[in-house]
Amino acid sequence: MKSSLVTALITPSLLLGAVAFGQSSAEFEVVEGSTAVLTLTLTIDTSIGSSSDVDSTVQQVSGFAAANFDPAVPPFLAVELPELEFNLGEGTVSYDLFCLPIFGCQTLDITVSNFIIRLDEGGVAAPFKGNTAFFPDSPFVSSFDYSVSGDLVNIEGSNVVPDFYSFGADVFPLKGDELLMDNLLLQTFSFELDPLDLPVGVNNVTIEAQVDLSKTALVGTLESACSPGDFNCDGCVDGGDLGVLLAAWGTAGGDLSGDGSTDGADLGIFLSLWGC
């Protein structure tokens, strides 16, 4: 398989591997009805030459993510993803290879099942630029069962392939404590079938996988050990928290009333909570 909102004076503690001051967390689930377009480009090398073809299938997606945020409320400076997993289920793609006039093409069908893409142990962390976090060269593991049938090859097998490729996502605050993870981007990756499984005359089978997650989203609920109004989690509702609330004005970041926006109503609630 081949694969700032942050200034010079502020480094999110998530990126230093420490427990973040004022950190909050969220458990995300893939929204029901989410889909992904799985595009597989097949290249097969044989003793008589090579041939390629491409096909796509739309897959239902399930999955989850765990996220830690710094600071405790939006706008966030950094995010850590200890867990991330997408399950693309089962899909079949078909290919026409070594096509010749009169003789036609050699057909090949590939069924991929139990197709799971997940972050490896340890997870990843990144700063936000606006609402976007980008995780370059992230440790992923893709696993799947496959069945290849056709004129050239008839094999079945499984693959568990660790590698590094990039991932990106936007995180938006919704009403109350809800968060949306959207606009997901996953780098194209490739893998090879085990040469020992290939018949005589077939030297190599390479599959490049592009997983379009633009129709996949996750929702989660922000959870924090901080008391209401104590945005920086220092145990007091004071001037430091007032600065956070004012910075979030007009957004959902300082919403204490649950109406999805930070405004005068939230300021009134905030002032009633003043003190240690």
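Residues numbered from 1 in each chain as written. Predicted model: local features only at pLDDT ≥ 70, side-chain atom pairs only at ≥ 80, totals over all residues. Heavy atoms only, no water.

A. Fine view of unusual backbone geometry. Backbone geometry places F98, a non-glycine residue, at a positive phi of 50°. Tracing the sequence through the fold places F98 in strand 6 (residues 91-100). The exposure class of F98 is buried, given its relative accessible area of 18%. Although it is not a glycine, D137 adopts a positive phi angle of roughly 50°. Mapped onto the elements of the fold, D137 is located in strand 9 (residues 132-150). (Helix = DSSP H or I, 4+ residues; strand = E, 2+ residues; numbered from the N terminus. Buried < 20%, exposed > 50% of the residue type's maximum accessible area, 1.4 Å probe, protein only.)

B. The arrangement of the sheet that holds strand 3 (residues 49-60) in detail. The sheet built from four strands is open, its strands ordered 3-2-13-12 with antiparallel pairing. With one partner strand each, in any of the chains shown, strand 3 and strand 12 (189-192) form the two edges of the open sheet. Between one strand axis and the next, the sheet turns by 20° as a mean value, whatever way the strands run. Across four bridges, the pairing between strand 12 and strand 13 (residues 202-212) is antiparallel. Opposite E192, over in strand 13, you have T206 as the bridge partner. (Pairing = 2+ DSSP bridges. Axes fitted to C-alpha atoms, helices over the stretch in contact; angles between N-to-C directions.)

C. Expanded view of a negative patch on the surface. On the surface, E27, E29, E83, D177, E178 and E223 cluster together into a negatively charged patch. Within the fold, D177 resides in the loop between strand 10 (155-173) and strand 11 (178-186). Given the relative accessible area of 47%, D177 is considered partly exposed. (Patch = residues over 30% accessible without salt bridge, like charges linked within 9 Å, V, L, I, M, F, W, Y side chains within 5 Å. Areas by Shrake-Rupley, 256 points an atom, 1.4 Å probe, with all protein chains shown as cover. Salt bridge = Lys/Arg side-chain N within 4 Å of Asp/Glu carboxyl O. Lys, Arg positive; Asp, Glu negative; His and termini not counted. Charge placed at Lys NZ, Arg CZ, Asp CG, Glu CD.)

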